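Breakdown of the fold
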Amino acid sequence: MKRIAIFTGSTPGATPAFSDLAAGVGRELATRGIGVVYGGGRAGLMGAVADGALKAGGEVIGVIPRSMVEREWAHDGITELHVCETMHERKAIMADRSDAFLALPGGLGTLEEIFEVWTWRQLGFHRKPVGFLNADGFWTPMLRALDAIAADGFLSPAAMKDVVVEPNLPAALGALSLLG
């Protein structure tokens, strides 16, 4: 795995430990020689991942729509910053530049991004592994909801088995490697 797309919050959230988690993920990926592909922001957990990787000498590739650059949301100290026009372009570029996808704590944008690439995998548009870093059980309520959706017949058991859910980065990276 050469590069991994990280989907996470553009804010720090209400749990201070998640900023430390995000910085640690960036640092650990850099230490392992795995580049970070992310949404290009400088704030929140996104910024913490980027800064953690950069401080450890890692590659950080950001992809951000022009409208967000104009709002001064872009991280200007990363390895590469790709400015695009739309969110659709952003996600396509991120998917193209990544070998796997991992969701850290985040909100609607994080959910939308990880669900889209998971759906693409299920439809056969790519075979790149998809996962959730379930630190401190952050994703557990959502995963329970997905289990209920599967029980109602709207999500296949195979799809639920085709996504990585791990509590820490080393376990997540190992599982993503097995799915890849």
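A brief report on the enclosed structure follows.

The rules behind each value
Residues numbered from 1 in each chain as written. Predicted model: local features only at pLDDT ≥ 70, side-chain atom pairs only at ≥ 80, totals over all residues. Heavy atoms only, no water. Helix = DSSP H or I, 4+ residues; strand = E, 2+ residues; numbered from the N terminus. Rg over C-alpha atoms; globule rule 2.2 N^0.38 Å. Buried < 20%, exposed > 50% of the residue type's maximum accessible area, 1.4 Å probe, protein only. Contact = heavy atoms within 4.5 Å. Areas by Shrake-Rupley, 256 points an atom, 1.4 Å probe, with all protein chains shown as cover. Lys, Arg positive; Asp, Glu negative; His and termini not counted. Charge placed at Lys NZ, Arg CZ, Asp CG, Glu CD. Salt bridge = Lys/Arg side-chain N within 4 Å of Asp/Glu carboxyl O.

A word on the overall build of the chain
Along the chain, the regular secondary structure elements total eight helices and seven strands. Whereas a compact globule of 180 residues would reach a radius of gyration of roughly 16 Å, the chain reaches 15 Å, a difference of no more than 12%. Dimensions of the chain along its principal axes, counting C-alpha atoms only, are 45 × 30 × 30 Å. Per-residue burial over the chain gives 46% buried out of 180 residues. If you take every contact in the chain between residues at least 6 apart in sequence, the share linking residues at least 24 apart comes to 67%. Accessible area for the chain stands at about 8,600 Å²; split by element, carbon and sulfur atoms hold 56% of it. Separation between the mean location of the 16 positive side-chain charges and that of the 20 negative ones in the chain comes to 3 Å.

With respect to the pattern of salt bridges
Scanning all chains against the criterion turns up seven salt bridges. One salt bridge in this structure joins arginine 3 and glutamate 59, with 2.9 Å as the shortest N-O distance. A residue pair is termed long-range when its members are at least 10 positions apart, and arginine 3 in strand β1 (residues 3–7) and glutamate 59 in the loop between α2 (44–55) and β3 (60–65) qualify at 56 residues. Exposure remark for arginine 3: the relative accessible area of 13% places this residue in the buried category. Glutamate 59 sits in the partly exposed class, given a relative accessible area of 24%. Across the salt bridge formed by arginine 121 and aspartate 162, the nearest N and O atoms sit 2.8 Å from each other.

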